[in-house]
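Topology and contacts: notes
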Amino acid sequence: MNSYQRPLTKLRVSLLDACNFGCVYCMPPSAAFLKKEDYLSADEIIRIVGNLVEYGVEEVRLTGGEPTLRSDLPVIVDKLGKLFLKKISITTNASRLLQFLPALAEGPCRSINISLDSLEPSNFKKITNHDGLGRVFDAIERARALGFKIKVNMVVMKGLNHHEIINFVRFAEREQIEVRFLEVMNIGVVRPHFGQWYYSGRDMLREIERQFTISSVDMPGDSTAQVFTTSKGGRIGLIASESMPFCASCSRLRLSSKGVLRACLMKEDGKNLRGVPREEYGPLLQEIAAMKPLTRIKEILEPMHQIGG
Ligand code: SAM
Ligand code: SF4
């Protein structure tokens, strides 16, 4: 525990706000992205993360936008590897992952979360506005062969893909890959559709339990997921951020692609760390820690690709 009364050990680093997908729950149809020169450079990221490590950050997840749109992704990962972090991971839509895998396999990242909302090509296209399902499967297969720990994240939406939940549990069993079912969050472009798309974790679980015998797995106190195993050894997780929020035990900080550190996904305010000298981090972090809400904020206008998911 550090001086902020709760450990802030996990950091999400958004490498950019741009993406090659247009997921209906994340990307506004006419999204404008920052200019490339506005993104933190690899060296700026390493400097900031290096300073945050001194204040207790232990794990870094690279995200975006789509992190594989940054050609320096393996360089960033390798440099992070020198900061004595306990864990480095990446969240990606995986459509461009294959080309990075050989370089990443040589580096310190062993864990990749792949966002996959449909196993049906036409539904995949409808949700992501992209045709890349085949490439995602290829990347999953190759990443696994290279020894990466893979988790698949599915955002479940009523009327769009909730009919695929059972197929995803079967996928988890067949492929021996953990699938995590996420409640859609009331963020950005979701807001007008939230009532229509929201499908609760409880409903997901009820549906799964009708067809599978599942047992719960013990998880660390700051875990966002409830995890279960099926009788056939499939591992599934539930991330019910709307109905069962974990704000009081949240240990996450977020660094935006332009260098703003924020305390919470749902809070737009933060502190710009670009160019900030190391000696100023202490007081700045105290301010950030004080911004951490104890209860769930209901909604946020800012779209997810900008926040860094
Ligand atoms: N482009 C990468 C990807 O999709 O994995 C990384 C960035 S994306 C913003 C990170 C994660 O946020 C993805 O798993 C995505 O499904 C999730 N996400 C985005 N918008 C969301 C929303 N409104 N509710 C729940 N999850 C969301
Ligand atoms: Fe892109 Fe990820 Fe957002 Fe989908 S969820 S639009 S892949 S940033």
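Look up: the structure comes first, before these words.
Residues numbered from 1 in each chain as written. Chains lettered and ligands numbered in written order. Predicted model: local features only at pLDDT ≥ 70, side-chain atom pairs only at ≥ 80, totals over all residues. Heavy atoms only, no water.

1. Describing the site of ligand 1
- Around ligand 1, the structure places 17 residues, and the nearest of them are Y25, G65, E66, S115 and M185.
- In this structure, E66 approaches ligand 1 through a side-chain N or O atom, which is 3.0 Å from a nitrogen atom.
- Within the side chain of S115, one N or O atom sits 2.5 Å away from an oxygen atom of ligand 1.
- Here ligand 1 loses 95% of its free accessible area of 540 Å² to cover by the protein chains.
- The residue makeup of the shell around ligand 1, split by class, is 7 nonpolar, 8 polar and 2 charged. (Near = heavy atom within 4 Å. Polar contact = N/O pair within 3.5 Å; in protein donor to acceptor, adjacent residues only side chain to side chain. Areas by Shrake-Rupley, 256 points an atom, 1.4 Å probe, with all protein chains shown as cover. Nonpolar A, V, L, I, M, F, W, Y, C, P; charged D, E, K, R; others polar.)

2. Section: the site of ligand 2
- Near ligand 2 you find C19, F21, C23, C26, M27, G65 and N93, and these make up its full shell.
- The class makeup of the residues in the shell around ligand 2 is 5 nonpolar, 2 polar and no charged.

3. A word on the side chain of S241
- For S241, the position within the fold is in the loop between β9 (235-239) and β10 (252-255).
- Residue class for S241 comes out buried when judged on its relative accessible area of 7%.
- Excluding anything up to four places from it in sequence, S241 contacts E183, M185, F246 and R296. (Helix = DSSP H or I, 4+ residues; strand = E, 2+ residues; numbered from the N terminus. Buried < 20%, exposed > 50% of the residue type's maximum accessible area, 1.4 Å probe, protein only. Contact = heavy atoms within 4.5 Å.)

4. Some points on unusual backbone geometry
- Positive phi is not limited to glycine here, since A94 has a value of about 70°.
- With respect to the helices, strands and loops of the structure, A94 is situated in the loop between β3 (87-92) and α3 (101-105).
- On the basis of relative accessibility, which here comes to 0%, the residue A94 falls in the buried class.
- The backbone of N129 sits at a positive phi, close to 55°, despite the residue not being glycine.
- Counting through the fold element by element, N129 comes out in the loop between α4 (121-128) and α5 (133-145).

5. Looking at the nonpolar core
- Counting residues in hydrophobic clusters, the biggest one holds 101 residues, and the most contacted among them are L11, Y25, L62, L80 and F181.
- Filtering out sequence-adjacent residues up to four positions away, L80 remains in contact with I46, V49, V60, L62, L85 and I88. (Core = buried A, V, L, I, M, F, W, Y, C linked by side-chain atoms within 4.5 Å.)

6. Describing the environment of P29
- Among the structural elements, P29 can be located in the loop between β1 (10-14) and α1 (42-54).
- Here P29 falls in the exposed class, since its relative accessible area comes to 86%.

Distances and angles like these do not, on their own, reveal function.
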